[in-house]
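Fold and contact review
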Amino acid sequence: MTTMRRIFRTPAGYVVDADGVYRTLEGDLFGEWHAGAEVPAPTTLLAPVMPSKIVCIGLNYKDHAAEQGKPLPAEPLLFLKPSSAIIAPGEAIVLPAGVGRVDYESEVAVVIGRRATKVSEADALSYVFGLTCMNDVTARDLQKKDGRYTRAKGFDTFAPLGPCIATGLSTDDLAVSGLLNGEVRQQSSTRELIFPVATLIAYISRIMTLLPGDIVSTGTPAGIGPLQAGDEIVVRVQGIGELRNPVRSDS
Ligand code: MG
């Protein structure tokens, strides 16, 4: 098993939290690296990676499928979110004018560590570098109107990512929650995933090659709801931490 570490991306580079001591990361994140000089705990964070693509899974928790009035999918339901939608922890989600309801979706996101093409389910977890939190922000009215996801999921700022990459965690039973203005609105565990992480990676890699740094966001549990300007939304995942973003209107 990989050592449990939390890796933060800062304007000065990557920083590793090893047992509460922060050190610079020297070398290649997805290759050979070692912990360098001790540094203070990072304050300004960037999104932990800039992936070539974000592969999202729709309706991957039974309770969320039920709240959307949709049948359980027989196969993983995939869609892509553009990497241009990514924002850092603390950066504002911007509500576009005139699009109606915009929802938060708290999700556990997988960071791919090495190139994965047609990998078996048995090998799939060896392609995982670590985990992070993602908010799959969704313009719900547009999603229903368009009948496809590109516009509804693709606006700038609709993919908050972070606060770090946690390595060495099992995805069998991680608590995931969403808090709106401090109030818990979503609360579940990755044990409730319809298609677990190994199944997802094997499935996706039969369609498209996953590259180091790519994100697979595993879907959201029940309890989604609308965002308003002035809100603060937090995605919290056990072992990773909190991804906290304010919300503002476009002006
Ligand atoms: Mg989602």
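Residues numbered from 1 in each chain as written. Predicted model: local features only at pLDDT ≥ 70, side-chain atom pairs only at ≥ 80, totals over all residues. Heavy atoms only, no water.

**Remarks on the overall build of the protein**
When helices and strands are tallied, the protein shows four helices and 19 strands. Along the three orthogonal principal directions, the C-alpha set of the protein runs to about 50 × 40 × 30 Å. Residue burial in the protein is summarised as follows: out of 251 residues, 55% are buried. Considering only contacts in the protein between residues 6 or more positions apart, those separated by 24 or more positions represent 73%. Entry remark: accessible area of the protein is about 11,000 Å², with carbon and sulfur atoms responsible for 50%. (Helix = DSSP H or I, 4+ residues; strand = E, 2+ residues; numbered from the N terminus. Buried < 20%, exposed > 50% of the residue type's maximum accessible area, 1.4 Å probe, protein only. Contact = heavy atoms within 4.5 Å. Areas by Shrake-Rupley, 256 points an atom, 1.4 Å probe, with all protein chains shown as cover.)

**Looking at helix α4 (residues 197-205)**
Side chains of residues three or four places apart in an α-helix project in the same direction, reflecting 3.6 residues per turn. Most of α4 is tucked away, with nine of its nine residues classed as buried. Those residues of α4 that fall on the buried side of the exposure criterion are Val197, Ala198, Thr199, Leu200, Ile201, Ala202, Tyr203, Ile204 and Ser205. On its buried face, α4 is in contact with β5 (54-58), β6 (77-81), β10 (106-112), β11 (128-135) and β16 (215-217).

**Looking at the sheet that holds strand β15 (residues 183-189)**
Judged by pairing direction, the sheet is mixed, and its five strands sit side by side in the order β8-β19-β18-β14-β15 without closing on themselves. Looking at the sheet topology across the chains shown, the edges are occupied by β8 (93-95) and β15. For this sheet, the mean angle separating the axes of adjacent strands, direction not counted, is 20°. Here six bridges tie strand β18 (residues 232-237) to strand β19 (residues 241-249), and the two strands are oriented antiparallel to one another. Paired with Arg236 across the bridge in β19 is Glu242. (Pairing = 2+ DSSP bridges. Axes fitted to C-alpha atoms, helices over the stretch in contact; angles between N-to-C directions.)

**Describing the packing of aromatic side chains**
Aromatic rings considered in pairs are described by the distance between their centres and by the relative angle of their planes. Summed over all chains, the structure comprises four aromatic pairs. Geometrically, the ring pair formed by Phe30 and Phe129 is edge-to-face, given 5.1 Å between the ring centres and 75° between the ring planes. Of this pair, Phe30 sits in the loop between β3 (21-27) and β4 (33-38) while Phe129 sits in strand β11; the two residues are 99 residues apart in sequence, bridging distant segments of the chain. On the basis of relative accessibility, which here comes to 29%, the residue Phe30 falls in the partly exposed class. By relative accessible area, Phe129 is classed as buried at 16%. Between the aromatic rings of Phe155 and Phe158, the centroid separation amounts to 5.2 Å while the plane-to-plane angle is 50°, which identifies the pairing as tilted. Over the face of the ring belonging to Tyr127 we find Arg114, whose NZ or CZ atom lies 3.9 Å from the ring centre. (Phe/Tyr/Trp six-rings, centres within 6.5 Å; stacked < 30°, edge-to-face > 60°. Lys NZ or Arg CZ within 6 Å of the ring centre and 35° of its normal.)

Honestly, it's all geometry; don't read function into it.
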